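What follows is each chain in one-letter form.
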Amino acid sequence: MSEWSSYSLHDLLIFSPDSYFRLYERSNLAFWPFQLLMIAIALLMLYLTMVRTIRGQLFILAGLVLFWLLSGWWFIGRYYTQINTIADWYFWLFMIQAALMALYAVFTYRRTSLYAPAGDAVLGVGLGIAGYSVLIHPFLIVLSGRNWLGSELIAIAPDPVAIGTIGFVLAMSASKSRYLLLVIPLLWLLVAVATYSTF
Amino acid sequence: MNRRQFLKLGSLGLLAFTNLNAKSWPAPAYKTIPSSGEKIPVIGLGSFVNFNVGNDEKILAQRTELLNDFFNLGGGMIDSSPMYGSSERNLGYCIERLKPVDSLFSATKVWTSSVEDGPSEIEDSRQLWGVEKFDLLQVHNLLSWEGHLETLFEMKRQGRLRYVGITTSHGRRHSEVEHVMKTQPIDFVQATYNILDREVEQRILPLARERKIAFIANRPFRRASLIDWAKQYPLPDFASDIDCKNWAAFLLKFIVSHPAVTCAIPATSRQDHLVENMGAMQGVIPDTAMRQRMIDYVESL
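Reading the values: the criteria
Residues numbered from 1 in each chain as written. Chains lettered and ligands numbered in written order. Predicted model: local features only at pLDDT ≥ 70, side-chain atom pairs only at ≥ 80, totals over all residues. Helix = DSSP H or I, 4+ residues; strand = E, 2+ residues; numbered from the N terminus. Rg over C-alpha atoms; globule rule 2.2 N^0.38 Å. Buried ≥ 20, exposed ≤ 12 C-beta atoms within 10 Å, placed from the backbone. Contact = placed C-beta atoms within 7 Å. Expected span 1.5 Å × (residues − 1). Bend = angle between axes of the 7 residues up to and from the residue. Pairing = 2+ DSSP bridges. Axes fitted to C-alpha atoms, helices over the stretch in contact; angles between N-to-C directions. Nonpolar A, V, L, I, M, F, W, Y, C, P; charged D, E, K, R; others polar. pLDDT = per-residue confidence, 0-100. Core = buried A, V, L, I, M, F, W, Y, C linked by C-beta atoms within 7 Å. Right-handed = clockwise from strand over helix to strand, strands pointing away.

## Some words on the overall build of chain B
Here is step 1 of the chain: The helix and strand inventory of chain B stands at eleven helices and ten strands.
Here is step 2 of the chain: Its C-alpha radius of gyration of 18 Å places chain B within 12% of the 19 Å reference for a compact globule of 301 residues.
Here is step 3 of the chain: For the C-alpha atoms alone, the extent of chain B along its principal axes is close to 55 × 45 × 40 Å.
Here is step 4 of the chain: Taking all 301 residues of chain B together, 48% fall into the buried category.
Here is step 5 of the chain: Partitioning the contacts of chain B with sequence separation of at least 6, the portion at a separation of at least 24 is 76%.

Structure representation (structure tokens):
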């Protein structure tokens, strides 16, 4: 225990920032042009968030399931695992989150009477976070000096998927049970912050 | 000295130093492995992080050039570990494209808590590197060292391995390292040594000399933080007295000028940094008084 506590996060990270950012460039190039479809889906999800209907919530959940499956399988499974030996665990974390949201969608579809639209304040906060993940996050990354080919787009890049999920889930209804869907996204953001803190 | 070695020494300007005064070693680029008498270049190459780049062919083409430069500048030892992600696979990829590489001194580690899994992990590493046999296998961070050393000594006895070693880093478990050095017939010990982390000078380096064990210095730049910090300051005036034109050569020369140090293994992904590192194999070698001046200067910054 005392030996492990003498390691810093920096010591434990076995890849460089350049290698990590190159993964986004390579995964974006290989995925092109399907990013356009994913952005269109994300924009529709933003619109449906404002409409506030049970059908809209189902579509948003389906979109999020797709995004977690895609970022888990495509980015983490195919690319991140090449340089990070513990990324296999992250892959399963993303699969679990996708399954949780699919189950939540089925549960709410069968109990539509329990659906209550989110209040204006929560909707505003959630919509702001979701909008950031879709429209602002990719450009902030580029402005930080990284190659624009490595833009972190929702659906492929894990960080905007996690951020977007927090926003969409907050805004989609007033049900407290939806907070269960925030555990893994928040956990992932902790991982992301820890990773960036070592760069 | 064959033609290839002659050309290498000539390209480094080393031939010019073979007749220098007492401050220079007769052959400053090489040191002897005490257990065998074999000479190896004093500057090697670490592969932690810098070769863990996945299956990125664009980057791998650059790393292949880096390794080519390393060998052309007189480098020999390359150190890796199964712990370093895709590094072993990528070293194999690059080396395959440079073959034949006569001067490669392949060094990797066994890194598993299961002694039973050691042989299969070692075989996986050998296939990833694409070498017939490893020059050096080390027990990584003393993990299950008793059992793994038995495996490695048996491999050496069978001629499937040339040297056996152990490693630690960050100054950890030095008393256990000393115990292994005193009780086991190992050829190499690897630990952290640089101008600010000098704990090994107290017991491990003297023990290495006494027991005729070669010493590999890891973390010569504290990953990169030591050299990044040092570069904020000017080199001392006396750096030119020991033929150091940059901080990399200054910091590495300090390490490899210790009589018990056999080799330092800085890691880099940049060719300009590689050239600076390999510069530590040239020119005058600091003596004891000069080494103290180097410490005093760095500690005054």
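## Section: helix α7 (residues 120-143) of chain A
Residue and element names in this part refer to chain A.
Here is step 1 of the chain: An ideal rise of 1.5 Å per residue puts 34 Å on 24 residues; α7 measures up with 32 Å between its terminal C-alpha atoms.
Here is step 2 of the chain: At I136, α7 shows its maximal kink, close to 50°; a proline, P138, follows between one and four residues later.
Here is step 3 of the chain: What α7 keeps buried is the set A130, S133, V134, P138 and I141.
Here is step 4 of the chain: Those residues of α7 hidden inside the fold are in contact with α4 (34-51) and α8 (158-172).
Here is step 5 of the chain: Positive phi shows up at G145, right after α7, with a value of about 110°.

## Considerations on the sheet that holds strand β5 (residues 105-110) of chain B
Residues and elements named next belong to chain B.
Here is step 1 of the chain: Read from one edge of the open sheet, eight strands run β3-β4-β5-β6-β7-β8-β9-β10, paired in parallel fashion. The two strands at the open ends of the sheet, each matched to only one other strand, are β3 (45-46) and β10 (263-264).
Here is step 2 of the chain: Strand direction decides the pairing type here: strand β8 (residues 188-192) and strand β9 (residues 214-218), joined by five bridges, are parallel. Counted as the bridge partner of Q190 is I216 from β9.
Here is step 3 of the chain: Packing of helix α5 (residues 145-157) onto the sheet brings it into contact with β5, β6 (134-139) and β7 (161-167), and relative to β7 it is tilted by some 165°.

## Some remarks on the interface of chain B and chain A
Here is step 1 of the chain: Of the residues lining the interface, 13 residues belong to chain B; the matching set on chain A comes to 13 residues.
Here is step 2 of the chain: In terms of residue class, the side of chain B that touches chain A is built from five nonpolar, six polar and two charged.

## So, the confidence of the model for chain B
Residues and elements named next belong to chain B.
Here is step 1 of the chain: The pLDDT averaged across chain B works out to 90; a share of 91% of its residues lies at or above 70.
Here is step 2 of the chain: Element-level pLDDT for chain B is lowest in helix α1 (residues 3-11), with a mean of 43, against a maximum mean of 98 in β6.
Here is step 3 of the chain: Note that pLDDT drops below 50 for residues 1-22; the model gives that stretch 22 contacts with residues more than four away or on any other chain.

## Overview of the environment of L60(B)
Residue and element names in this part refer to chain B.
Here is step 1 of the chain: Note that L60 resides in helix α2 (residues 57-72).
Here is step 2 of the chain: With 82 residues separating them along the chain, L60 and L142 place their C-alpha atoms 31 Å apart.
Here is step 3 of the chain: Contact partners of L60, with chain neighbours within four places excluded, come to V53, N90, Y93 and C94.

## Brief notes about the nonpolar core
Nonpolar side chains in soluble globular proteins tend to end up buried together.
Here is step 1 of the chain: Counting residues in hydrophobic clusters, the biggest one holds 125 residues, and the most contacted among them are V189(B), F215(B), L251(B), L252(B) and A264(B).
Here is step 2 of the chain: Those residues in contact with F215(B), other than ones at most four positions away along the chain, are V189(B), L205(B), A208(B), A260(B), V261(B) and T262(B).

## Things to note about unusual backbone geometry
Here is step 1 of the chain: Of note, the amide linkage connecting W32(A) to P33(A) takes the cis form, showing an omega dihedral of 10°.
Here is step 2 of the chain: Mapped onto the fold, P33(A) is located in the loop between α3 (17-31) and α4.
Here is step 3 of the chain: With an omega of 5°, the peptide bond running from K99(B) to P100(B) counts as cis.
Here is step 4 of the chain: Within the secondary structure layout, P100(B) lies in the loop between α3 (87-98) and β5.
Here is step 5 of the chain: Unusually for a residue other than glycine, K212(B) sits at a positive phi of about 55°.
Here is step 6 of the chain: With respect to the secondary-structure elements, K212(B) resides in the loop between α7 (204-210) and β9.

## Description of the pairing of β8(B)
Residues and elements named next belong to chain B.
Here is step 1 of the chain: Buried residues dominate β8, accounting for five of its five residues.
Here is step 2 of the chain: Every second residue of β8 is oriented toward a common face, with F188, Q190 and T192 on one face and V189 and A191 on the other, all of them buried.
Here is step 3 of the chain: Pairing between β7 and β8: three bridges, direction parallel. Each residue of the ladder has a partner; that of G165, found in β8, is F188.
Here is step 4 of the chain: Taken together, β7, helix α6 (residues 174-183) and β8 constitute a β-α-β crossover, and its handedness is right-handed.

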